[in-house]
Protein chains: 2
Amino acid sequence: MRMLFLVWMICAALPALADEGMWTFDNFPTSRVEQTYGAGVSAAWLDHVRLATVRIANCTGSFVSSNGLILTNQHCIESCLGALSSKEHNLLEQGFIAADRAAERPCGTQLADVLVATEDVTAAVNKASAGLADSPANEARKRALTALEQGCEQAGVRSKRRKLTCQAVTLYGGGQYFLYKYQRYEDVRLVFAPEVGVANFGGDPDNFQFPRWNFDIAVLRAYEDGRPAKTPDFLRIDFAGPRADELVFVSGQPSSTSRMQTLAQIEFERDLVLPMALMRTSELRGGYKEFGRINPFNEQLIAGPLESLENGIKVRRKLLDALHDDALIERKRDEENTLRQLAQLPQPDPWAQIESATAREREIYWPYTFIENGMGFNSTLFRYARLLLRGANERAKPNTARLREYTDASLGRIEQQITAQVPFDRDVEAMTLTFSLQRMREWLGPDYPLTHRLFAAESPSALATRVVAETKLDEAGVRLKLWQGGKAAVDASRDPMIELARALDADARALRRQFEDSVEAPISAASQRIAAARFRAYGTHVYPDATFTLRLSYGTVTGWVENGESVAPFTRLDRAFERATGADPFRLPDSWLKVKDQLDPLTPFCFTTNNDLVGGSSGSALINVRGEMVGVMFDANIHSISGAYWFDAARNRAIAVHPAIMREALDKVYGAHSLLAELNNP
Amino acid sequence: MRMLFLVWMICAALPALADEGMWTFDNFPTSRVEQTYGAGVSAAWLDHVRLATVRIANCTGSFVSSNGLILTNQHCIESCLGALSSKEHNLLEQGFIAADRAAERPCGTQLADVLVATEDVTAAVNKASAGLADSPANEARKRALTALEQGCEQAGVRSKRRKLTCQAVTLYGGGQYFLYKYQRYEDVRLVFAPEVGVANFGGDPDNFQFPRWNFDIAVLRAYEDGRPAKTPDFLRIDFAGPRADELVFVSGQPSSTSRMQTLAQIEFERDLVLPMALMRTSELRGGYKEFGRINPFNEQLIAGPLESLENGIKVRRKLLDALHDDALIERKRDEENTLRQLAQLPQPDPWAQIESATAREREIYWPYTFIENGMGFNSTLFRYARLLLRGANERAKPNTARLREYTDASLGRIEQQITAQVPFDRDVEAMTLTFSLQRMREWLGPDYPLTHRLFAAESPSALATRVVAETKLDEAGVRLKLWQGGKAAVDASRDPMIELARALDADARALRRQFEDSVEAPISAASQRIAAARFRAYGTHVYPDATFTLRLSYGTVTGWVENGESVAPFTRLDRAFERATGADPFRLPDSWLKVKDQLDPLTPFCFTTNNDLVGGSSGSALINVRGEMVGVMFDANIHSISGAYWFDAARNRAIAVHPAIMREALDKVYGAHSLLAELNNP
């Protein structure tokens, strides 16, 4: 009876696996898909799709021609549009169409990475940390990962093939370690972007809602040696799009989920992380809105940061709602108890170890977050200062002894950040820095040593105003010189932002040490034991939490039932015009309004699927069983947000732009005929 | 065994009663105090203290002379200070000392009420609703309460004694109903207030913290017929103050606690009310701060609202923390189960009924809160518009048929609100109204009928800007004319703010009806049954939740232990000077700095007691067993906030201003010699 009871418990406690999971390409449940849908994907299909998928900053894209054309979302390339804009030509507002290849404009802020190979290095990593106590094991593991990355990159160079970018990836909370090897395109150019008014039609009110009408696409092109890159693995677009209930796949890089976290960890999220983040970001939102209310120029300045802030608020609000769902908490408890009974692990109990570690984390979370994690210093200029200061100090050490974010494998991205020409507004910087310094003093208290020291003579706003006004770090040339000058140059610098970063670096590093030794190390050790227990109990019929690395999910084109009413999966163009009130954020651009009569009102616009994905999948291709692109993912419905903790099969839906509206708009709204020709003959 | 088990459960489940409780004067646990402290209070002592206690808006005060002198907190009379200020003379910043009685300045916004009698009307109210279903019972109860208030006030008039103000009071969630009869002083004048810099020294960072150094006192005087009121029941001040561990009492009007709410009700708070309020108020705080950052005049405009907003944020943050304490939730569940077993109530189970009602409340909470409760219309001018509109419509009905807040007993306070000369800033109004309209559209969605209708042609900011710019309701004369003109005048008004209020009044009233019938009525009925069960189980050895009515608590002067370290109960003056950095909010006024050398550095400044109180008790007298005032309560420590749900005897502490610093400062800092003379010979 006991065994039967347990088996039943397993079924109850394991996630319902209908169309669920963000699977790694090496462990995709091909046979389950075949059983369910009578249609399969081959190893060649998987390789082709993987090589056609592109990682871009915080998003995903896909090659859609043999000449390096990348299709993604407009909202994924906002930093590029911002950098290429001037006061006269605001590309965010006005959009962009390259008349020909010569007119394609370099995006200094974009890189494009393709995952060309993966290597399981679990054994090597575990060997490095074997037999050590939690804290030295944690250190040894990091050194091993750095060494593996370094070896991987040097092997790429030695073999004289194209240089590889290597990234160590932790899966299943430490149950597996992989090296992911990317081919990197450093020259990425802007080909096409629509106006933000139609890309983000409905704005924050419609974000995470459906029905929707968003033309949220953009086209880039990867270049090599000054010429369009040759990209034989690309996705052909089927402009007819998918049928309802058709089997579809999403290949993308979902950012992060917490489905394998223990109850103690998600309660930590519920009690500390989410309330504090919601309060902090809501207050900053109020500041931005008031700043923007003063005049249209200000409003434009903060439009980008405000949009991403509001997105974060909506997400966190729904995450907190999910964690207030006592059924979820109970289910989590049941899952843990089931696995605990199945695993029969020797003492100490790893769940109890994680609970102890989160108790310590509760004690240091505020100072750690504000001082080391930078929540107290919300300023791009401050972030440069810290990058330069720490970069100088860390690069003076051997590669494996550095903080992980300053290893050789990371320097390329850092240099790109430091040298990118990004527009600044000192007033916005002063506002956000003032705000975050005030919040730091509020949450740590005026008597906390660092806040007491920082604000002994100056109020937060006086300090922020002074350092923002006097720093020279807004000039890319100044930053590059300090970066290249290394430790000597940075030590000699009297730039007030560098001095601020320096004034708190010892405190920040001490907090990080404390966090890594007393929180991260025991959680890593215990998570590894839980992961091993889970593999023993369930094999690899489970997928790892999302980690901003490549995943494949499957599902079908389908709506859902909301409050007893069916939500149809497809929207059509005519309703977009009906919904356009003319007032922001429901204002369609003139380019659409003036050709309204020439457009087919029944053109499908957006649609939903039940693919399991989370943020970071933005821009991912939706792919049919023939390997054709049939949509571009750009959002998900409100129920998808709880996907951080579990997959709600009945209601969690992803949202795509339909390829038919792409063809219709590129042709009749934008007259982008050469682009359309390339997409038709890729 | 079962009985024994139950008895043990009762002890475990009942609140630990050490010094706990905000008791009504008619049920004060005199014998328990005598048993614990060997010292008692007589019925005469209780009457004397009650008659010396004064209700003022949102706070408490006490008579401290036979000529109507009222001692309270500076932060309780900010609206009076604001109303009496001009650009040249900012009484908040500069403080105020009346040179003589002729210089005492009328506070148009203050009333002072003394509770002269109470009457138990439980039987009459229960009779009115007996045998009715929940919803008609709820209506009948309200009509009965209105009729009782009306009869009480008319009796006062008929008896030709001074007119009484009568208030129906619900205790124990409907277990008892009382009529509270107040003598009202309508002419209240400002005598003394210190500068906000010393009253609110430490500002928001120090709010709810201890040690503290706040000279948070103010003095008013009640007048009758143009002369200082004769107030034979007053508290003599013992300027020596109390000893450590001395028995002390607080007589005041704690605003609201939820200690008797069911688990379903506090989970509703945790899941919906608190997160939403924290997000909304944090965002508004960001808006205020940014508004104030622009120039000092703006900063001064929003100082008052910002202070109370920040206080609310701190409170709610700690309330949410308290509700994330799983031990509290478990304790609540245990208490309910114990009482459920003891009571053996017939079906339906009242806790289950409340759970169903809160499930319905979850469905309507957002529209109810934004539209009927006014969260979507954060504007003083809008509140005037609604008062005028509803006041006109309601006054046209018989008294007992009106919404409860427009019964005859309430009209006095409403008229005072409408005619008070309050300074306005249209820019602040436009900001707060824009903000709240945007939040309403966000939370209800752009497709909710009312938001869709309101914002079909105008964005929230355009609508807010227009109605704030064009309304005439900022003029007290215009408001008074509309109030006096009644329904005809209001119906004829084309004031845009009145029109806005009118445009949503039907929606708002419908939501209110829905709330009252499907949420309030069943909760009232079930709460009454729970209250009756509780009386049967525990007698009246329990105190009712706070309801902003008069209560007495007892305790001792004592510190507490924080993170293993003792916090001493008394602070002294010298440390205030050490703590004054000179930067806001740690800047002492010049008046204190320039006499620093003449002040006794060892003068006690503030101190803590373990009296059980919550907000609304601000300004309450701390009273020794001889009936002398030995302190003025102005705050409580951070642990006190969870007092909304339970009393943490080990750490919940109230904070008082010490009478010694009152004498020292009135004498040497302010030279308020005539005031001091009156306090010495009251």
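It should be emphasised that the depicted structure is a prediction, and the values quoted were computed from it without experimental measurement.

(A) Representation of the overall build of chain A. In terms of helices and strands, chain A carries 24 helices and 20 strands. Dimensions of chain A, computed from C-alpha atoms along their principal axes, come out at roughly 75 × 65 × 55 Å. Taking all 682 residues of chain A together, 49% fall into the buried category. At a minimum sequence separation of 6, the contacts of chain A that also span at least 24 residues come to 79%.

(B) Highlighting the nonpolar core. By size, the foremost hydrophobic cluster in this structure holds 216 residues, and its most contacted members are A:Leu622, A:Ala656, B:Leu622 and B:Ala656. Ignoring sequence-local partners within four residues, the contact set of B:Ala656 consists of B:Cys606, B:Phe607, B:Thr609, B:Leu622, B:Gly631, B:Val632, B:Met633 and B:Phe634. Of all hydrophobic cores here, the second largest spans 56 residues; its members include A:Leu306, A:Phe370, A:Met431 and A:Ile523.

(C) Quick peek at the packing of helix α13 (residues 350-372) of chain B against helix α16 (residues 426-444) of chain B. All names here are of chain B. Contact geometry of α13 with α16 gives a least axis separation of 10 Å together with a crossing angle of 165 degrees. As judged from the angle between their axes, α13 and α16 are roughly antiparallel. For the crossing formed where α13 meets α16, the hand is left-handed. Together, Trp366, Pro367 and Phe370 of α13 and Met440, Trp443 and Leu444 of α16 make up the contact between the two elements. A per-class count over the contact of α13 with α16 returns 6 nonpolar, no polar and no charged.

(D) Structural detail: the domain arrangement of chain A. All names here are of chain A. According to the domain assignment, chain A contains domain 1 (2-111 + 186-258 + 544-680), domain 2 (122-185) and domain 3 (263-538). Inter-centroid distance (C-alpha atoms) of domain 1 to domain 3 is 29 Å. At the interface, 22 residues of domain 1 touch 22 residues of domain 3. At 4 residues, helix α1 (residues 2-13) tops the list of elements feeding residues into the side of domain 1 that touches domain 3. Along the lines of polarity and charge, the residues of the side of domain 1 that touches domain 3 split into 13 nonpolar, 7 polar and 2 charged.

(E) Molecular detail of the sheet that holds strand β12 (residues 247-252) of chain B. Residues and elements named next belong to chain B. Taken together, 7 strands build an open sheet; the order of strands is β13-β12-β18-β19-β20-β17-β16 and the sheet is antiparallel. A single partner strand is all that each edge strand has here, and the edge strands are β13 (551-556) and β16 (570-572). Taken over all neighbouring pairs, the strand axes of this sheet differ in orientation by 30 degrees on average, direction set aside. Sheet analysis places β12 next to strand β18 (residues 621-624), joined by 4 bridges and oriented antiparallel. Counterpart to Val250 in the pairing with β18 is Leu622.

(F) Structural context of the pairing of strand β9 (residues 187-193) of chain B. All names here are of chain B. The buried count for β9 comes to 7 of 7 residues, which makes it a mostly enclosed element. With 2 bridges joining them, strand β5 (residues 105-106) and β9 adopt antiparallel strand pairing. Bridge pairing links Arg105 to Leu190 in β9.

(G) Focus on the pairing of strand β8 (residues 176-185) of chain A. All names here are of chain A. Extensive coverage of β8 is indicated by the burial of 8 of its 10 residues. Of the strand pairs in this sheet, strand β6 (residues 112-120) and β8 are connected by 8 bridges, and their pairing is antiparallel. Across the sheet, residue Ala117 finds its bridge partner in β8, namely Lys181. Here 8 bridges tie strand β7 (residues 164-171) to β8, and the two strands are oriented antiparallel to one another. For Leu164, the partnering residue across the bridge sits in β8 and is Gln183. Here β7 folds back onto β8 in antiparallel fashion, the turn holding 4 residues, of which Tyr172 has a positive phi close to 50 degrees.

(H) Spatial organisation of the relation of the copies chain A and chain B. Take chain A, turn it by 180 degrees, move it 0.0 Å along the axis, and it overlays chain B with an RMSD of 0.0 Å. Each copy turns onto its partner about a two-fold axis. Here 100% of the contact residues of chain A are again contact residues in chain B; the copies associate through an equivalent surface.

(I) Broad picture of unusual backbone geometry. All names here are of chain A. Going from Gln347 to Pro348, the amide bond is cis rather than trans, its omega being -5 degrees. For Phe548, which is not glycine, the phi dihedral falls at a positive 55 degrees. Along the chain, Phe548 falls in the loop between α20 (496-538) and β13 (551-556).

(J) Quick look at the interface of chain A and chain B. Taken together, the 31 residues of chain A in the interface contact 31 residues of chain B. Every element with two or more residues in the side of chain A that touches chain B is listed here: α9 (203-206), α10 (263-293), α11 (296-323) and α16 (426-444) of chain A. Element by element, the count of residues in the side of chain A that touches chain B is highest for α10(A), at 15 residues. Residues of the side of chain A that touches chain B, tallied by class, amount to 11 nonpolar, 8 polar and 12 charged.

(K) Spotlight on the confidence of the model for chain A. Confidence along chain A averages 92 in pLDDT terms, with 97% of residues attaining 70 or more. Within the model, pLDDT remains below 50 along residues 1-16 of chain A, and this stretch shows 12 contacts once partners closer than five positions in the same chain are excluded.

(L) Seen up close, the sheet that holds strand β19 (residues 629-636) of chain A. Residues and elements named next belong to chain A. Across the sheet, 7 strands lie side by side as β13-β12-β18-β19-β20-β17-β16; this open sheet has antiparallel pairing. Whereas interior strands pair on both sides, the edge strands pair on one side only; in this sheet they are β13 and β16 (570-572). Ignoring which end each strand starts from, the neighbouring axes of this sheet average 30 degrees apart. Inspection of the sheet shows strand β18 (residues 621-623) paired to β19 by 3 bridges, in the antiparallel sense.

(M) Examining the environment of B:Arg243 more closely. Residue and element names in this part refer to chain B. Its place among the elements puts Arg243 in the loop between β11 (227-228) and β12. A residue is classified by how many C-beta atoms lie within 10 Å of it, and Arg243, with 12 of them, is exposed. Spatially, the C-alpha atoms of Arg243 and Thr556 are 9.2 Å apart, while their sequence positions differ by 313 residues.

(N) Highlighting the packing of α10(A) against helix α10 (residues 263-293) of chain B. At a minimum axis separation of 6 Å, α10(A) and α10(B) run at an interaxial angle of 40 degrees. For the crossing formed where α10(A) meets α10(B), the hand is right-handed. Along its contact with α10(A), which presents A:Pro275, A:Leu278, A:Met279, A:Ser282, A:Glu283, A:Leu284, A:Arg285, A:Gly286, A:Gly287, A:Lys289, A:Glu290 and A:Phe291, the element α10(B) presents B:Pro275, B:Leu278, B:Met279, B:Ser282, B:Glu283, B:Leu284, B:Arg285, B:Gly286, B:Gly287, B:Lys289, B:Glu290 and B:Phe291. Split by residue class, the contact of α10(A) with α10(B) holds 10 nonpolar, 6 polar and 8 charged.

(O) Representation of the environment of A:Glu470 within the structure. Residue placement: A:Glu470 occurs in helix α18 (residues 460-470). Sequence separation between A:Glu470 and A:Thr36 is 434 residues, and the spatial gap between their C-alpha atoms is 63 Å.

(P) Examining the environment of B:Ile70 more closely. Checked against the element boundaries, B:Ile70 lands in strand β3 (residues 69-72). Among the residues examined, B:Ile70 registers 29 C-beta atoms within 10 Å and is labelled buried.

Parameters and conventions
- Residues numbered from 1 in each chain as written.
- Chains lettered and ligands numbered in written order.
- Predicted model: local features only at pLDDT ≥ 70, side-chain atom pairs only at ≥ 80, totals over all residues.
- Helix = DSSP H or I, 4+ residues; strand = E, 2+ residues; numbered from the N terminus.
- Buried ≥ 20, exposed ≤ 12 C-beta atoms within 10 Å, placed from the backbone.
- Contact = placed C-beta atoms within 7 Å.
- Core = buried A, V, L, I, M, F, W, Y, C linked by C-beta atoms within 7 Å.
- Axes fitted to C-alpha atoms, helices over the stretch in contact; angles between N-to-C directions.
- Parallel < 35°, antiparallel > 145°, perpendicular 65-115°, else oblique.
- Left-handed = near helix turned anticlockwise from the far one by under 90°.
- Nonpolar A, V, L, I, M, F, W, Y, C, P; charged D, E, K, R; others polar.
- Domains from an automatic or database assignment.
- Pairing = 2+ DSSP bridges.
- Least-squares fit on C-alpha atoms with pLDDT ≥ 70 in both.
- pLDDT = per-residue confidence, 0-100.

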